[in-house]
Amino acid sequence: MISVIIALTFSLQWTPGFAGDSGVTQSPTVLWVQKGNSAEMNCSHNKDASHSQMYWFRQQQGKPMELIVFTTTSIKDFGSSDQNKFSAFKEKVESGSFTVKDVESEDSALYFCAVSQHSDTVLLHC
């Protein structure tokens, strides 16, 4: 039996409007996973509690970046992403995790974590 090891590379996602240290930490930075296993990555930030929104993106070679899931402590929105393939967990405002299940060759990519500040927006109907 031949085993295939897939490299999943993770990178810190910048927070728009900030230069230098974003205050967002992602680990591990590089992860080698055997085909068929799961790959879990973690994200944390040192911003205030208003930064409760966490996003997980993937960028495969030669393709544009895609949003996989948006999370808060009470919401998980996978949009059109396959929840059988991906899972996300966010129990605390300052941290969360993301898992790629049953890793295959096509899962090799850069995975990015980003956080943003929640803002109350009022929609006025005229």
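As shown above, the structure is provided for reference.
Below or above, wherever it landed, is the structure these notes cover. In this text, all values refer to a predicted model and were calculated from it rather than measured experimentally.

### Side note on the state of the cysteines
Then, number 1: For the coordinates displayed, the defined rule picks out one disulfide.
Then, number 2: Disulfide partner of cysteine 43: cysteine 113, at an S-S distance of 1.7 Å. Taking the torsion about the S-S bond as the criterion, the cysteine 43 to cysteine 113 disulfide, at about -70°, is left-handed. Highlighted residues: cysteine 43 in strand E4 (residues 39–45) and cysteine 113 in strand E10 (residues 110–116), separated in sequence by 70 residues. The two residues cysteine 43 and cysteine 113 agree in class, both being buried.

### Let's talk about the side chain of glutamine 26
Then, number 1: Mapping glutamine 26 onto the fold places it in strand E2 (residues 24–27).
Then, number 2: In this structure the side chain of glutamine 26 is engaged in a polar contact, spanning 2.9 Å, whose partner is the backbone oxygen of tyrosine 111.
Then, number 3: A distance of 3.0 Å separates the side chain of glutamine 26 from the backbone nitrogen of cysteine 113, its partner in a polar contact.

### Focus: the nonpolar core
Then, number 1: Of all hydrophobic cores here, the largest spans 20 residues; its most connected members are Trp56, Val69, Phe98, Val100 and Tyr111.
Then, number 2: Elements supplying a minimum of two residues to this core: strand E3 (30–34), E4, strand E5 (53–59), strand E6 (66–71), strand E8 (86–92), strand E9 (95–100) and E10.

About the criteria used
Residues numbered from 1 in each chain as written. Predicted model: local features only at pLDDT ≥ 70, side-chain atom pairs only at ≥ 80, totals over all residues. Heavy atoms only, no water. Disulfide = S-S within 2.5 Å. Helix = DSSP H or I, 4+ residues; strand = E, 2+ residues; numbered from the N terminus. Buried < 20%, exposed > 50% of the residue type's maximum accessible area, 1.4 Å probe, protein only. Polar contact = N/O pair within 3.5 Å; in protein donor to acceptor, adjacent residues only side chain to side chain. Core = buried A, V, L, I, M, F, W, Y, C linked by side-chain atoms within 4.5 Å.

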